[in-house]
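# Working through the structure, step by step
Chain by chain, the residues run as shown.
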Amino acid sequence: MYYINKDTELTYSEIQSYISKFMTGEYPRLSKLDRYYNNDNDINRRMFEDTSKPNNKISHSFAEYITETNVAMFVGTPITYISKDNIEDYLNVLDVANEQDINVDLATNCSKYGYAIQLIYLNENADIKLATLNNKQCVLIFSDDISQKLLYCIRFWKTISADDVITEWVEVYSAYDIKTYKNDILINTQDNIFIDIPIVVYKNNTELKGDYENVISLIDEYDLLTSDTANEQDYFNNCYLYLNTDNVDSDDIANMKESRVLFGENLNPTFVLKNGEATNTEQEKTRLVSDIHKLSFTPDMSDDNFANNVSGVAMKYKLIGTLNKIQNKQRKFKNAIRERNRLLFDIMNVKSLSVPSYVDVIFTTNLPENELETAQMINLLRGLVSDETLLAQLPFIEDTAWELEQQTEVSDIYAE
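Structure report, in brief. (Residues numbered from 1 in each chain as written. Predicted model: local features only at pLDDT ≥ 70, side-chain atom pairs only at ≥ 80, totals over all residues. Heavy atoms only, no water.)

## Describing the pattern of salt bridges
- Taken as a whole and judged by the stated rule, the model has 21 salt bridges.
- With a closest N to O distance of 3.0 Å, Lys112 and Asp34 form a salt bridge. Here Asp34 lies in helix α2 (residues 26-37) and Lys112 lies in helix α5 (residues 99-113), a separation of 78 residues in the sequence. Summarising the burial analysis for this pair, Lys112 and Asp34 share the class buried. (Salt bridge = Lys/Arg side-chain N within 4 Å of Asp/Glu carboxyl O. Helix = DSSP H or I, 4+ residues; strand = E, 2+ residues; numbered from the N terminus. Buried < 20%, exposed > 50% of the residue type's maximum accessible area, 1.4 Å probe, protein only.)

## Structural notes on the sheet that holds strand β8 (residues 177-182)
- Spatial ordering of the open sheet is given by β1-β5-β6-β7-β8-β9, a layout of six strands whose pairing is mixed. The sheet is open, and its two edges are formed by β1 (2-4) and β9 (185-191), each paired on a single side. Strand-to-strand, the axes of this sheet are offset by a mean angle of 20°, without reference to chain direction.
- Judged from the five bridges that link them, strand β7 (residues 166-173) and β8 form a sheet pairing that is antiparallel. (Pairing = 2+ DSSP bridges. Axes fitted to C-alpha atoms, helices over the stretch in contact; angles between N-to-C directions.)

## Observations concerning unusual backbone geometry
- At Ala126, a position not held by glycine, the phi torsion is positive, near 65°.
- Its place among the elements puts Ala126 in the loop between β3 (115-122) and β4 (128-133).
- On the basis of relative accessibility, which here comes to 33%, the residue Ala126 falls in the partly exposed class.
- Non-glycine residue Asp164 carries a positive phi angle of around 65°.
- Along the polypeptide, Asp164 turns up in the loop between β6 (150-160) and β7.
- Looking at Asp164, the relative accessible area reads 63%, which means it is exposed.

## Details of the environment of Gly210
- As for its placement among the helices and strands, Gly210 is situated in the loop between β10 (199-203) and α6 (216-237).
- For the pair Gly210 and Leu33, spaced 177 residues apart in sequence, the C-alpha to C-alpha distance is 8.1 Å.
- The contacts of Gly210, once residues within four sequence positions are left out, are Arg29, Cys110, Ser111, Lys112, Tyr113, Gly114 and Asn204. (Contact = heavy atoms within 4.5 Å.)

## Re the side chain of Asn192
- With respect to the secondary-structure elements, Asn192 resides in the loop between β9 and β10.
- Residue classification places Asn192 among the buried residues on the basis of a relative accessible area of 11%.
- Engagement of the side chain of Asn192 in a polar contact is seen with the backbone oxygen of Ser174, the distance being 3.5 Å.
- Within polar-contact distance, the side chain of Asn192 engages the backbone oxygen of Asp196 at 2.9 Å.
- In this view, Asn192 contacts Ser174, Ala175, Tyr176, Asp177, Ile197 and Pro198; residues no more than four positions away in its chain are not counted. (Polar contact = N/O pair within 3.5 Å; in protein donor to acceptor, adjacent residues only side chain to side chain.)

## Considerations on empty space enclosed by the protein
- Taken as a whole, this structure holds one cavity of 30 Å³ or more when the rule is applied.
- One number sums up the size of the largest cavity: a volume of about 40 Å³.
- If you trace the largest cavity, you find it lined by Met1, Tyr2, Phe22, Glu26, Tyr115, Cys138, Val139 and Leu140.
- Looking at which element gives the most residues to the lining of the largest cavity, the answer is strand β5 (residues 138-143), with three residues.
- Of the residues assigned to the lining of the largest cavity, the class counts are seven nonpolar, no polar and one charged. (1 Å grid on protein atoms, 1.4 Å probe; cavity = no way out; pocket = protein on both sides within 12 Å on 5 of 7 lines; lining within 4 Å. Points joined across faces, edges and corners; volume = space filled by probe spheres on them. Nonpolar A, V, L, I, M, F, W, Y, C, P; charged D, E, K, R; others polar.)

## With respect to the sheet that holds β10
- With antiparallel pairing, the three strands of this open sheet are ordered in space as β4-β3-β10. Of all the strands in the sheet, the pair left with one neighbour each is β4 and β10. Put simply, the sheet's adjacent strands are angled 25° from each other on average, direction ignored.
- Summarising the sheet, β3 and β4 pair through six bridges and their orientation is antiparallel. Paired with Leu122 across the two strands is Ile128, which belongs to β4.
- The strands touched by helix α10 (residues 320-350) within the sheet are β3, β4 and β10, with β10 carrying the most contacts at an inclination of about 165°.

## Some words on the nonpolar core
- Ranked by internal contacts, the top residues of the largest apolar core, which has 51 residues, are Ile15, Val139, Ile141, Ile154, Val170, Ile199 and Tyr212.
- Residue contributions to this core peak at six residues, all from β6.
- Leave out the neighbours within four places in its chain, and Ile15 touches Leu10, Ile154, Val170, Val172 and Tyr181.
- Listed in part, the 37 residues of the second largest apolar core include Phe74, Ala116, Leu323 and Ile337. (Core = buried A, V, L, I, M, F, W, Y, C linked by side-chain atoms within 4.5 Å.)

Laid out in structure tokens, this is it:
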């Protein structure tokens, strides 16, 4: 993230300077987080000077587990939208843009990198579309005042042709236009048709940290401990056999290895083992696994505490740390969705679609639910809370407005 005066216009040399700063500053962090998500941990790069020594490299995909679990709990149940106005056109726009699938991509990038970047654009049919940009290819520049408004998004990438010709591309998005550079040459300037820069930044938290970023050192320690345990086993399997005699030649040794039998006089065979302190590695590994889950606020679903017969309230108490984190994610995500809606509503108005005055964003945490308890809660609140809000509490209801219409039609049929 970079900050400049809001009236600054970027030159191409400044654009290249920001890309260079990004590649030496932010890119290594993003690249490492991406590697761990793909289970390419640092243990895979361990080398010994003595190449004959056992060098097991056992990596564990804790990062992927943490991200997938958090994303499933966060947006595994699709986000629902309710309003007192007609939002049929709005929901159709989201459906055409594959918003539910895009939300999963955004939540995944937020969990991995600490933030996600979304582009809003019109395709060749003038349909409103959404795209999740690659964090490792985007430089974000904000204003340096109290608003910290997004001013520019620099997107850069390379393409390689069949004959190995490399082309460098740069796109610069602003509130006014979209500029495209090819091999340092400006080839296109397109007016921005949106009310503001067509980029929305989704934040995972205030610090822009990924969900597993703080436990990478613990993951490394677990990888190291497991790999060294395997190394010790290899040392034991390959320990030296000591024969108390000089009357054994290389052919005898080869025959003994093949037949697995010792023969001869006064051999008195013993194994030369590595002396070392006995350590309880399993206890240490258990402690590390517990710390990884605890400090990343991610539940260990293999834990015996998550029985299938506990009540909904008891389950939530066990997951209080995780639920608090999910709620923080929801607040940040909702702010970004409101910014996205501001851009969408402007284009919808231009396309003469029905624009709601306000849309409420409803998140449903994807947890094992006691549906009987939920139904009882809804019945107790009936008359105190609107029917649309109550229906939004049911995880299997996606379109509350449509459900209310069906309910009305059924009531009319019975009334007749």
